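Architecture and fold: a report
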Amino acid sequence: MIIRATAIPLAYYPYSSTSRIVHWLTRHHGKVSTLLKGALRPKSPFLGEYELFSTSELLYFSKRPHALHTAKECALLHPRNTFRTDWRAMQAASHISALFNQTTPAEAPHPGLFEFFEELLELAETYGRFPPFLHWAELQFCAHHGHAPSLESCTLCNATEPFVFSAAAGGVICTSCAKKEKLPFLECPPDVLAILRAWQKADHPQIAVKTRLSEKQQRRLTVITGAFLQHHFNMPPESRLAIQPLK
Ligand SMILES: [Zn+2]
């Protein structure tokens, strides 16, 4: 069966010296994997027709579901050229792609997820160069998957302060619950908590990228959101090290 799909590459892998495997997020067929035969040959018709972070029209032959499909043709529909020249924006887009690649099950159609991915990439073109963008995008990603960290009151006893952050408990917990339950926790000073709350509520990154962060706040945010993504989405923290080195 030949399938036509609007698709964005999530990751590439070499298959042989001339062929490549591409994982895509498609609008109507979920995450699919295709073999691009001869994609690395100098005269391959695939050349320039697909790129990380760009939307293509993909035609592939599917023998059976959940197999490695064979790409037939590909045409670049919407290149996102900012990511070729803006290194920081590219790093943000790359982390977002890794998040989707890691957390999306194969061939589970979810057009809303594709649209959300496209929207985040578009926003990353404009805002991705600002470090707060990534944290904002991560918070939106968690919310989209129904895993928004709970930030208003202790997730265990509803107390309204003082707080630490526990990825395992799903958000902030009060210091007495932390002691009682012996849960691993991270310090979450009031200023950092206020930033997380504001960014979680912001439906556009404009507010987040205007926030002036101290280096200390930046570090705390990286540690907290990193721990949360690792716990709830099994996301290795290494994928963000290139962007914001943990000191
Ligand atoms: Zn509590």
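Note that the structure is a prediction, hence the values are computed from the model and not measured. (Residues numbered from 1 in each chain as written. Predicted model: local features only at pLDDT ≥ 70, side-chain atom pairs only at ≥ 80, totals over all residues.)

**Quick look at the overall build of the protein chain**
- Within the protein chain one finds 8 helices and 8 strands.
- When its C-alpha atoms are laid out on the principal axes, the protein chain stretches across 65 × 35 × 30 Å.
- For the protein chain, buried positions account for 37% of its 247 residues. (Helix = DSSP H or I, 4+ residues; strand = E, 2+ residues; numbered from the N terminus. Buried ≥ 20, exposed ≤ 12 C-beta atoms within 10 Å, placed from the backbone.)

**Things to note about the sheet that holds strand β8 (residues 186-187)**
- One open sheet accounts for 3 strands, arranged β7-β6-β8; its pairing is antiparallel. Each end of this open sheet is capped by a strand with a single partner; those strands are β7 (171-174) and β8.
- Of the pairings in the sheet, the one linking strand β6 (residues 163-166) to β7 comprises 4 bridges and is antiparallel in character. When the sheet's bridge partners are listed, S166 is paired in β7 with G171. (Pairing = 2+ DSSP bridges.)

**So, the environment of P109**
- Looking at the element boundaries, P109 is found in the loop between α2 (87-103) and α3 (111-127).
- Sequence-distant contacts of P109, that is, excluding residues within four places in its chain, are made with H28, H29 and G30. (Contact = placed C-beta atoms within 7 Å.)

**Here's the deal with the sheet that holds strand β4 (residues 55-61)**
- Read around the barrel, 5 strands follow the order β1-β2-β3-β5-β4 and close on themselves; strand pairing throughout is mixed. Between one strand axis and the next, the sheet turns by 50° as a mean value, whatever way the strands run.
- The pairing of strand β3 (residues 30-36) with strand β5 (residues 69-78) spans 2 bridges and is classified as parallel. Looking across to β5, one finds that T34 is bridged to H69.
- Here α3 sits on the sheet and contacts β1 (2-14), β2 (20-26) and β4; the angle it forms with β2, its principal contact strand, is near 105°. (Axes fitted to C-alpha atoms, helices over the stretch in contact; angles between N-to-C directions.)

**Digging into α3**
- With 17 residues, α3 ought to run about 24 Å at 1.5 Å a step, and its terminal C-alpha atoms sit 24 Å apart, in line with that.
- Among all positions in α3, only F114, F117, L120, L121, L123, A124 and Y127 are buried.
- Looking at the buried residues of α3, the elements they touch are β1, β2, α2, α4 (131-144) and α7 (205-210). (Expected span 1.5 Å × (residues − 1).)

**A look at the pairing of β5**
- Here 7 bridges tie β4 to β5, and the two strands are oriented antiparallel to one another. Each bridged residue has a counterpart across the sheet, and for L59 the counterpart in β5 is E73.

**Considerations on the domain arrangement of the protein chain**
- Here the protein chain is described as being made up of domain 1 (1-96 + 108-129) and domain 2 (131-240).
- Taking only C-alpha atoms into account, the centre of domain 1 sits 31 Å from that of domain 2.
- Counting from both sides, the interface comprises 9 residues of domain 1 and, opposite them, 8 residues of domain 2.
- For the side of domain 1 that touches domain 2, the secondary-structure elements that each account for two or more residues are α2 and α3.
- The element contributing the most residues to the side of domain 1 that touches domain 2 is α3, with 5 residues.
- Of the residues in the side of domain 1 that touches domain 2, the class split is 7 nonpolar, 2 polar and no charged. (Domains from an automatic or database assignment. Nonpolar A, V, L, I, M, F, W, Y, C, P; charged D, E, K, R; others polar.)

**Re the packing of helix α6 (residues 190-201) against helix α8 (residues 215-233)**
- In contact at an axis separation of 10 Å, α6 and α8 are set at 60° when each is read in the N-to-C sense. Like other packed secondary-structure pairs, α6 and α8 cross with a definite hand, here right-handed. In this structure, α6 contributes D191, V192 and I195 to the contact, and α8 contributes Q217, R220 and L221.
- Looking at the contact of α6 with α8 residue by residue, the class counts come to 3 nonpolar, 1 polar and 2 charged. (Left-handed = near helix turned anticlockwise from the far one by under 90°.)

**Comments concerning the nonpolar core**
- One finds A93, I96, A124 and I173 to be the most contacted residues of the largest nonpolar core, which totals 64 residues.
- Taken domain by domain, this core gets at least three of its residues from each of domain 1 (1-96 + 108-129) and domain 2 (131-240).
- Every residue in contact with I173, bar those within four places of it in the chain, is listed here: C154, T155, L156, F163, V164, S166, A178, L183 and F185. (Core = buried A, V, L, I, M, F, W, Y, C linked by C-beta atoms within 7 Å.)

**A word on unusual backbone geometry**
- A cis geometry characterises the amide bond from E161 onward to P162, with omega recorded as -10°.
- Structurally, P162 is set in the loop between α4 and β6.
- With a phi close to 60°, H66 is a non-glycine residue in the positive phi region.
- Among the structural elements, H66 can be located in the loop between β4 and β5.

**Let's talk about the confidence of the model for the protein chain**
- On average, residues of the protein chain score 93 in pLDDT, and 96% of them are at 70 or above.
- Within the model, the stretch residues 242-247 combines pLDDT values under 50 with 12 contacts to residues more than four positions away or in other chains. (pLDDT = per-residue confidence, 0-100.)

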